[in-house]
There are 2 protein chains.
Amino acid sequence: MTEHTVQTSKANSGAASGGHVASALSLAIHEHRLAPGTKLGEDDLGEIFGVSRTVIRAALQSLAHLQLVDIKRNRGAFVAQPSLREAREVFEARELLEPRTARMAADRATPDDIKMLRRHITDEHAAMSDGEQGKALHLSGLFHIEIARIADQSTIAAFIAALIARSSLIIALYWRRESALCESFAHHALVQAIADGDGANAEDLMRSHLVDLHSALDLRESTAPNRSLRDALRP
Amino acid sequence: MTEHTVQTSKANSGAASGGHVASALSLAIHEHRLAPGTKLGEDDLGEIFGVSRTVIRAALQSLAHLQLVDIKRNRGAFVAQPSLREAREVFEARELLEPRTARMAADRATPDDIKMLRRHITDEHAAMSDGEQGKALHLSGLFHIEIARIADQSTIAAFIAALIARSSLIIALYWRRESALCESFAHHALVQAIADGDGANAEDLMRSHLVDLHSALDLRESTAPNRSLRDALRP
DNA sequence: GGGCACAATATTGTATACAATCAAACCATG
DNA sequence: CATGGTTTGATTGTATACAATATTGTGCCC
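Residues numbered from 1 in each chain as written. Chains lettered and ligands numbered in written order. Predicted model: local features only at pLDDT ≥ 70, side-chain atom pairs only at ≥ 80, totals over all residues. Heavy atoms only, no water.

(A) Quick look at helix 7 (residues 154-174) of chain A. The end-to-end C-alpha separation of helix 7 of chain A is 29 Å, in line with the 30 Å expected for 21 residues at 1.5 Å each. With respect to burial, helix 7 of chain A is a largely interior element, 17 of its 21 residues being buried. (Helix = DSSP H or I, 4+ residues; strand = E, 2+ residues; numbered from the N terminus. Expected span 1.5 Å × (residues − 1). Buried < 20%, exposed > 50% of the residue type's maximum accessible area, 1.4 Å probe, protein only.)

Below, the structure written as C-alpha cells:
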C-alpha cells in the first residue's frame with residue numbers, strides 16, 4: 001500500500017510538519033476542487049503528497065480544528081458539510097465581527113495596504129475573466145482576511161479566517177445562481193472608504209456587503225435537497 | 001524510555017484519540033497548575049498518561065491550535081505565554097463578542113439555564129471558600145462559556161471558549177493582586193438580568209464586567225518583567 | 001428472492017523504530 | 001581565563017508495524 005520512494009528519501013523538502021499538506025488541502029477546498037462530503041483517505045493522501053500517514057494525520061487534524069474537515073472516529077476524514085444552522089451561525093458571526101474590523105482597518109490602513117487591497121480586486125477580476133471561479137472565490141476570501149490583517153487584530157483576524165474558510169464550504173453548498181457578481185462593486189466601494197479613512201462608512205459597507213452575501217444563499221429547510229438526499233442515503 | 005505495560009494492553013480505555021489527554025492538560029492550565037512557559041515533553045507526558053507519543057502529539061497539536069501551548073519546531077511544546085499585545089487583543093475580542101452574546105442568551109434562556117448558571121456561581125463560591133483559587137477561576141470561565149451556549153450560537157461559543165482559555169493564561173501572567181472578588185457580584189447581577197429576559201441590561205452588564213476584568217490586569221510595557229527576563233534567559 | 005449471520009477486506013488508531021535536529025557539555029586553543 | 005569548534009546527549013520529526021474497528025461481500029437459511 002504505502003510505497004514511498006525510499007525511507008531515507010529527501011523527506012524534509014517541504015515546510016513544517018504537514019503544514020504543506022494542510023495548505024494544499026485547504027486551498028483545494030477553498031477553490032471548490034474538493035466538494036463537501038469528499039472522503040479524504042489517509043493512504044490516498046499519503047501517496048499523493050509523498051509523505052507518510054503521520055503527517056497526513058496531523059494535517060487532517062489541523063483542518064478538522066478549523067471545521068474544514070469532519071473526522072469521524074474509525075470512519076475517516078471528510079470535507080465538512082456545514083448544516084443550514086451552521087451556515088446561519090457563520091454568517092451571523094461574520095456580521096458581528098467584520099464590520100467593526102473594517103472600521104479599525106480604515107483607521108489604520110497605510111497606502112501600501114490600500115495598494116494590496118486593490119491588487120486583490122484586480123486579481124479577482126482576472127481570475128473571473130479566465131473562468132476560474134474557484135480561484136476568484138478564494139481571492140475574494142483573502143480580501144476579507146487582508147482587511148482583518150490591516151486592522152492589526154491578529155486574534156480576530158484568525159477567527160475571521162476560520163469563518164471565511166467555512167464560508168467557502170457554505171457557498172459551495174447553498175449558493176443560488178441568480179445572484180451574481182455584485183461582489184466586485186462592494187469590495188471596490190469598501191476599499192475606497194478604507195482609503196478615505198472613513199471608518200463609519202467602511203463599517204456600514206462591510207455590514208451591507210455581508211448581508212448581501214448572506215441573502216444570496218438558499219438557507220431554507222426546504223432547500224439543499226441534494227445534500228440531504230445524499231445524507232439520507234449514506235450515513 | 002518508553003515503557004508501557006505491554007503493547008497489547010488495555011489501550012482503548014479512554015475516550016477518542018488523545019481527547020482525554022488534551023482535556024487533562026487544558027484543565028491543568030485553566031486551574032493554573034501548569035504555569036506559562038512550562039515545557040511539555042512528549043516522553044514525560046506519555047509516561048504520565050500511559051499512552052504513546054503519538055496520542056500526546058495529537059493532544060499537543062490540538063492545544064496549540066487553541067493557542068494554549070506553543071509548539072516550536074524541533075524544540076518542543078510549552079505552555080503559552082501570551083504577550084501584552086495578545087492579552088489586549090484577547091480582551092478586545094471578548095468585549096466585541098460577549099456582550100452581544102449575553103443579550104442573545106437573555107432572549108433565549110430557559111429556567112433550567114438559569115438554574116445551571118446559579119449553580120455555577122455557587123460552585124465558584126465554594127471553591128473560593130476552600131481556597132482552591134485555580135478551580136474557582138476555571139469555574140468562572142465556564143460561566144462565560146455557559147452563557148454562550150445558552151445563546152445557542154455554537155460557532156461564537158467556540159470562539160469565546162478559546163478566548164477564555166487564553167484569558168486564563170493572561171490572568172496567570174498579568175493579574176494584579178489589588179483587585180479582588182468583584183467577580184461574584186458581577187456574575188450574580190448578570191444572571192439576574194438574563195433571568196429577567198432583559199437583554200439590553202445583560203449586554204451592558206457583560207460589557208462592564210469585561211472592562212473591569214481588563215482593567216484589573218497590568219498591561220503596561222513596563223510590567224511583566226519576570227516573564228521577559230525568563231524569556232531573555234531561556235529561548 | 002429477501003434477510004441475516006459471518007467472513008474477508010480495507011481503513012483507521014496506536015505503538016514503536018529510526019533519522020534529523022537542537023542544546024549543552026567538553027576540550028582545545030588563543 | 002575566555003573563546004570557539006566539536007562531540008555527546010536528549011528530544012522531536014517521520015516512517016512503519018501492528019491492533020482494533022468498520023465496511024463490504026458471500027453464503028446460508030427462511
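(B) Looking closely at the interface of chain B and chain A. Residue-level contacts link 26 residues of chain B with 25 residues of chain A. For the chain B and chain A pair, buried surface summed over both sides reaches about 2400 Å², with 51% attributable to carbon and sulfur atoms. The largest share of the area that chain B buries against chain A comes from B:His65, B:Leu96 and B:Phe159, three residues that together contribute 25% of it. Linking chain B to chain A there are two salt bridges. Between B:Arg85 and A:Asp152 there is a salt bridge, with its nearest N and O atoms 3.1 Å apart. Here the side of chain B that touches chain A is built from residues that sort into eleven nonpolar, eight polar and seven charged. (Contact = heavy atoms within 4.5 Å. Buried area = accessible area lost by both parts, 1.4 Å probe. Salt bridge = Lys/Arg side-chain N within 4 Å of Asp/Glu carboxyl O. Nonpolar A, V, L, I, M, F, W, Y, C, P; charged D, E, K, R; others polar.)

(C) Local environment of the packing of helix 4 (residues 84-108) of chain A against helix 7 of chain A. Residue and element names in this part refer to chain A. Between helix 4 and helix 7, whose axes approach to 9 Å, the crossing angle comes to 140 degrees. Classed by the angle they form, the pair helix 4 and helix 7 counts as oblique. Our pair here, helix 4 against helix 7, has a crossing hand that is left-handed. Across the interface between the two elements, Leu84, Glu86, Ala87, Val90, Phe91, Ala93, Arg94, Leu97, Glu98, Thr101 and Met104 of helix 4 pack against Ile156, Phe159, Ile160, Leu163, Ile164, Arg166, Ser167, Ile170 and Tyr174 of helix 7. (Axes fitted to C-alpha atoms, helices over the stretch in contact; angles between N-to-C directions. Parallel < 35°, antiparallel > 145°, perpendicular 65-115°, else oblique. Left-handed = near helix turned anticlockwise from the far one by under 90°.)

(D) The pattern of salt bridges, seen in detail. Residue and element names in this part refer to chain A. For the structure on display, the rule yields 24 salt bridges over all chains. Between Asp113 and Arg149 there is a salt bridge, with its nearest N and O atoms 3.4 Å apart. Here Asp113 is found in helix 5 (residues 111-129), whereas its partner Arg149 is found in helix 6 (residues 133-150), with 36 residues between them in sequence. Residue Asp113 is classed as buried on the basis of its relative accessible area, which comes to 11%. Notably, a salt bridge pairs Glu203 with Arg207, separated by 3.1 Å at the nearest N-O pair.

(E) The arrangement of the packing of aromatic side chains in detail. Taken as a whole and assessed by the stated rule, the structure comprises one aromatic pair over all chains. Ring centres of A:Phe159 and B:Phe159 lie 4.1 Å apart, and the angle between their planes is 20 degrees; this geometry places the pair in the stacked category. You can see A:Phe159 sitting in helix 7 and its partner B:Phe159 sitting in helix 7 (residues 154-174), one on each of two chains. B:Phe159 shares its class with A:Phe159; the two are buried. The lysine or arginine in question, A:Lys72, covers the ring of A:Phe78, its NZ or CZ lying 5.0 Å from the ring centre. (Phe/Tyr/Trp six-rings, centres within 6.5 Å; stacked < 30°, edge-to-face > 60°. Lys NZ or Arg CZ within 6 Å of the ring centre and 35° of its normal.)

(F) View of the sheet that holds strand 3 (residues 76-79) of chain A. Residues and elements named next belong to chain A. With antiparallel pairing, the three strands of this open sheet are ordered in space as 1-3-2. A single partner strand is all that each edge strand has here, and the edge strands are strand 1 (39-40) and strand 2 (69-72). Relative to strand 3, strand 1 is paired through two bridges, and the arrangement is antiparallel. Of the residues in strand 3, the one forming a bridge with Leu40 is Ala77. (Pairing = 2+ DSSP bridges.)

Worth remembering: the numbers are spatial, not functional.
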